Amino acid sequence: MALPACAARVLGPPLQPERGAPARTTCPRRHSRVEAELAASRPGSVAASVRAGPPRGVSRGFNSQPLLDEPLKASSSLAGAARTPLFALLSRGRRRRMHDLRRRWDLGSLCRALLTRGLAALGHSLKHVLGAIFSKIFGPLASVGNMDEKSNKLLLALVMLFLFAVIVLQYVCPGTECQLLRLQAFSSPMPDPYRSEDESSARFVPRYNFSRGDLLRKVDFDIKGDDLIVFLHIQKTGGTTFGRHLVRNIQLEQPCECRVGQKKCTCHRPGKRETWLFSRFSTGWSCGLHADWTELTSCVPAVVDGKRDARLRPSRNFHYITILRDPVSRYLSEWRHVQRGATWKASLHVCDGRPPTSEELPSCYTGDDWSGCPLKEFMDCPYNLANNRQVRMLSDLTLVGCYNLSVMPEKQRNKVLLESAKSNLKHMAFFGLTEFQRKTQYLFEKTFNMNFISPFTQYNTTRASSVEINEEIQKRIEGLNFLDMELYSYAKDLFLQRYQFMRQKEHQEARQKRQEQRKFLKGRFLQTHFQSQGQSQNPSQNPSQNPNLNANQNVTQNLIQNLTQNSSQKENRESRKQNPGQEQSDGSASNGTNDYIGSVEKWR
């Protein structure tokens, strides 16, 4: 059948089928889009405006606009019967894209159908479950099976709304700000800000038995008085960060004055031109670079009161504080610092009034510094002061003849140094650990009754942590620092016991304060209630002439005692629930201390 002349001019000569391909008569709507695209690709064609039908497998409603030219549609349909299927004439990539389009459309329809059926099945199951629950609770009064369709939909909507509200509440109020609005079943306990900063267990087994005086460290430090805080700064223990906290991060009546570009700050007492802090960032290295215990105990009094007459010198208390660190991490950090050119040549190492000679303390390097030294060379030097540095800087070197190694045998010398370092550390006003920044902040605030402005930050990534060493090198470093390893174990045990003791003491004081407040409020309420009741019954009678009023007062006192006993028993039950492994009493602080020490014995 011949095409009209206008359609023949527009579509051009008909496409001839491939050789050997049978002629097919197919529905023209399947390939109308392809025909339109092929016609539009010819220059000057008006078929570009023809809207093609939807692809195969898609309903007519997807794209149901009619063709613009009905005669053109009819002519193209007639011509399609004599042509080869246009899908076979397309390129392979175009055929693949059209196939993917149909497959994605079918997959999306399948997913939507499955989701719809799944939700319907879930609603049906939920309706039966709720029906069983309601039938058990309300019995014959309410039966979900007999409810009409509107009631089922309403019940399902209420349950879904409740679940949605719970989920939204958990996202909106994840912390403690909305704790009163959150359901107890879905709420989690408030995390302890001081809990396990090293990601270890919060409970530990104490190895040492300390007395109450060793655990309770509370210094009566008056910043307006004459006492002085002395900071013993050991290399690579985080002392620089802690020293900055002391001069820039403490809430004071008269804060330290720190100028831009200067390391030292002016920390004067209120109303005086006298410092209350002896540290690197307040007074500088007045006793030498990184002065140790032996140097500070003999130097600080002379520096502070050296210019005054002996009769005019005030009686001061020198409160020594320091920071310790894990020996292996500290050793690696010092090695990396030495690699960058640090020497600490300005250290005096004064002991018994004189510095050590070159024979007593040889140098490990010959040049200006030891920069670039490998770790093996750093460990091989027998005179390296990095070995057991924390024990040496915290002990009294005059007990072993200072740096003269020939005074006593090495084994006896190590024992004396370790015991001296432990004793000095235990009797210090305060010491902290680099691995427990928040606990260090807490103990300092409780010891000196001074609060920091912003909390300390725990940095788990340091230069030492970036050094990768094998087990053999780590064992050798621990062997070179065996005294520091023993001291750090002792210090960590004492530190954590002090922390737990102070926390328990704080909880006991808070509980006693709440009990006193409840006792006072209940007594005031009951007394006011019975007095108003007695006056309303006999307004004109004097109290001496009213025996019922005295009886009411006696009843009031008895009720107050009973309520107090009940509240104390309730507090004890709550404390046992909160701390099931610790014995807590409602007595004085000394009883709490005995309970804590008793619990330590049980742990041991």
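Refer to the preceding data block for the structure.
Residues numbered from 1 in each chain as written. Predicted model: local features only at pLDDT ≥ 70, side-chain atom pairs only at ≥ 80, totals over all residues. Heavy atoms only, no water.

1. Digging into a nonpolar patch on the surface
Turning to step 1, where the next piece is worked out: A cluster of nonpolar side chains, namely Leu115, Leu119 and Leu122, defines an oily patch on the protein surface of about 330 Å² accessible area.
Turning to step 2, where the next piece is worked out: With respect to the helices and strands, Leu122 occurs in helix H5 (residues 92–138). (Patch = residues over 30% accessible without salt bridge, like charges linked within 9 Å, V, L, I, M, F, W, Y side chains within 5 Å. Areas by Shrake-Rupley, 256 points an atom, 1.4 Å probe, with all protein chains shown as cover. Salt bridge = Lys/Arg side-chain N within 4 Å of Asp/Glu carboxyl O. Helix = DSSP H or I, 4+ residues; strand = E, 2+ residues; numbered from the N terminus.)

2. Concerning the packing of aromatic side chains
Turning to step 1, where the next piece is worked out: Taken as a whole, this structure holds 20 aromatic pairs when the rule is applied.
Turning to step 2, where the next piece is worked out: Here Phe242 and Phe430 contribute two aromatic rings whose centre-to-centre distance is 6.1 Å and whose plane-to-plane angle is 25 degrees, an arrangement assigned as stacked. Of the two residues, Phe242 is situated in helix H8 (residues 239–248) and Phe430 in strand E6 (residues 430–433); the sequence distance between them amounts to 188 residues.
Turning to step 3, where the next piece is worked out: Classification of Phe242 as buried rests on a relative accessible area of 4%.
Turning to step 4, where the next piece is worked out: For Phe430, a relative accessible area of 2% gives the class buried. (Phe/Tyr/Trp six-rings, centres within 6.5 Å; stacked < 30°, edge-to-face > 60°. Buried < 20%, exposed > 50% of the residue type's maximum accessible area, 1.4 Å probe, protein only.)

3. Considering the environment of Glu410
Turning to step 1, where the next piece is worked out: Within the secondary structure layout, Glu410 lies in helix H13 (residues 410–427).
Turning to step 2, where the next piece is worked out: When its relative accessible area of 62% is taken as the criterion, Glu410 is described as exposed.
Turning to step 3, where the next piece is worked out: Separated by 10 residues in the primary sequence, Glu410 and Val400 place their C-alpha atoms 9.9 Å from one another.

4. Observations regarding the state of the cysteines
Turning to step 1, where the next piece is worked out: Going through the model one piece at a time under the given rule, you end up with 5 disulfides.
Turning to step 2, where the next piece is worked out: The disulfide bridge from Cys256 ends at Cys267, spanning 2.1 Å between sulfur atoms. Here the S-S torsion is close to 115 degrees, and the disulfide linking Cys256 with Cys267 is therefore right-handed. On the criterion of sequence distance, the pair formed by Cys256 in the loop between H8 and strand E2 (257–258) and Cys267 in the loop between strand E3 (265–266) and strand E4 (277–278) is long-range, its members being 11 residues apart. For the pair Cys256 and Cys267, a shared accessibility class is recorded, and that class is buried.
Turning to step 3, where the next piece is worked out: Here Cys364 is linked by a disulfide to Cys381, with a sulfur-sulfur distance of 1.8 Å. Disulfide Cys364-Cys381: torsion about the S-S bond near -80 degrees, hence left-handed. With a gap of 17 residues between them, Cys364 in the loop between helix H10 (327–339) and helix H11 (375–380) and Cys381 in the loop between H11 and helix H12 (389–394) connect regions that are remote in the sequence.
Turning to step 4, where the next piece is worked out: Owing to a relative accessible area of 21%, Cys364 belongs among the partly exposed residues under this scheme.
Turning to step 5, where the next piece is worked out: Free of any disulfide, Cys373 has its nearest neighbouring cysteine sulfur in Cys364, separated by 9.3 Å.
Turning to step 6, where the next piece is worked out: The exposure class assigned to Cys373 is buried, which follows from its relative accessible area of 2%. (Disulfide = S-S within 2.5 Å.)

5. A word on the environment of His124
Turning to step 1, where the next piece is worked out: Locating His124 in the fold gives a position in helix H5.
Turning to step 2, where the next piece is worked out: On a C-alpha basis, the gap between His124 and Leu156 in space is 9.5 Å, while along the polypeptide they are 32 residues apart.

6. Overview of the pairing of strand E5 (residues 318–324)
Each regular strand shows side chains that alternate between the opposite faces of the sheet.
Turning to step 1, where the next piece is worked out: E5 sits mainly inside the fold: 6 of its 7 residues count as buried.
Turning to step 2, where the next piece is worked out: Relative to E5, strand E1 (residues 228–232) runs parallel, the two being bridged by 5 bridges. Bridge pairing links Phe231 to Ile321 in E5.
Turning to step 3, where the next piece is worked out: Two strands pair when backbone bridges link them, and E5 and E6 are joined in this way by 4 bridges, in the parallel orientation. Counted as the bridge partner of Leu324 is Leu433 from E6. (Pairing = 2+ DSSP bridges.)

7. Digging into the pattern of salt bridges
Turning to step 1, where the next piece is worked out: In total, this model carries 13 salt bridges according to the counting rule given.
Turning to step 2, where the next piece is worked out: Close ionic contact of Lys272 with Asp226 constitutes a salt bridge, the shortest N to O distance being 3.8 Å. In this pair, Lys272 is assigned in the loop between E3 and E4 and Asp226 in the loop between helix H7 (212–215) and E1, connecting sequence segments 46 residues apart.
Turning to step 3, where the next piece is worked out: What makes Asp226 partly exposed here is its relative accessible area of 28%.
Turning to step 4, where the next piece is worked out: Across the salt bridge formed by Glu274 and Arg269, the nearest N and O atoms sit 3.4 Å from each other. As far as burial versus exposure is concerned, Glu274 and Arg269 are alike and both buried.
Turning to step 5, where the next piece is worked out: Connected via shared salt-bridge partners are Arg269, Glu274, Asp305 and Arg316.

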